[in-house]
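Examination of the molecular architecture
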Amino acid sequence: MSSSNISYSGSQTTEDKEEETSKMALTVFRAREEEIERKKLEVKEKVHAQLGRVEEEIKRLAGIRQELEALTDPMRKEVSVVRKKIDTINRELKPLERSCQKKEKEYKEALEAFNEKNKEKTQLVTKLMELVSESERVRMKKLEELGKSIDSLR
């Protein structure tokens, strides 16, 4: 009963203290809820702002991609045209190369035959010169003998 005496004597009762504590807890809880809601709104606003920037970057990147594709397309076409021309020329070169090789072989064979005949001719000319020289020497000798025979007849 001593605690009842205190409550009746003008100090706060336990119920009053509990009520005050509940009110205070409720006030703190509401303040924290409001703070959480405020922070939540701040985060939402930041997310929304970031999403706006991301959308702008997506648009900018899409534009860059379009420009890039536009740049590579003409080059691809030109490269394709040049490659086709190279392929066509390669097909044309193959028979020309075979023809050149055949004619080069024929030329070498003809040159070899020419050189053989030229060598043979040179040998014959040399032999002819030797024969002519021998013939002249023999005739000169005969002429000298005849000239001596004629001289001896006088």
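Please read these numbers as outputs of a predicted model, since none were measured by experiment.

**Section: the overall build of the chain**
- In terms of regular secondary structure, the chain is built from two helices and zero strands.
- Looking at the chain residue by residue over its 154 residues, the buried ones come to 0%.
- Put simply, the chain shows about 15,300 Å² of open surface, and 58% of that area lies on carbon and sulfur atoms.

**With respect to the pattern of salt bridges**
- All told, the structure shown has five salt bridges when counted by the stated rule.
- Salt-bridge contacts for Lys 23 lead to Glu 19; the nearest nitrogen and oxygen are separated by 3.6 Å. Note that Lys 23 and Glu 19 are positioned in helix H2 (residues 14-152) at a spacing of four residues, about one turn of the helix.
- Among the residues examined, Glu 19 registers a relative accessible area of 45% and is labelled partly exposed.
- In this structure, Lys 117 engages Glu 120 in a salt bridge whose closest nitrogen and oxygen atoms are separated by 3.8 Å.

**Regarding the confidence of the model for the chain**
- Overall, the prediction assigns the chain a mean pLDDT of 88, with 90% of residues at 70 or greater.
- Long-range and interchain partners of residues 1-10, a stretch whose pLDDT sits below 50, account for two contacts in this model, where long-range means more than four residues apart.

**Side note on a negative patch on the surface**
- Together, Glu 15, Asp 16, Glu 18 and Glu 20 make up a region of like negative charge exposed at the surface.
- By the element assignment, Glu 15 lies in helix H2.
- Judged by relative accessible area, which is 63%, Glu 15 ranks as exposed.

The rules behind the values
- Residues numbered from 1 in each chain as written.
- Predicted model: local features only at pLDDT ≥ 70, side-chain atom pairs only at ≥ 80, totals over all residues.
- Heavy atoms only, no water.
- Helix = DSSP H or I, 4+ residues; strand = E, 2+ residues; numbered from the N terminus.
- Buried < 20%, exposed > 50% of the residue type's maximum accessible area, 1.4 Å probe, protein only.
- Areas by Shrake-Rupley, 256 points an atom, 1.4 Å probe, with all protein chains shown as cover.
- Salt bridge = Lys/Arg side-chain N within 4 Å of Asp/Glu carboxyl O.
- pLDDT = per-residue confidence, 0-100.
- Contact = heavy atoms within 4.5 Å.
- Patch = residues over 30% accessible without salt bridge, like charges linked within 9 Å, V, L, I, M, F, W, Y side chains within 5 Å.
- Lys, Arg positive; Asp, Glu negative; His and termini not counted.
- Charge placed at Lys NZ, Arg CZ, Asp CG, Glu CD.

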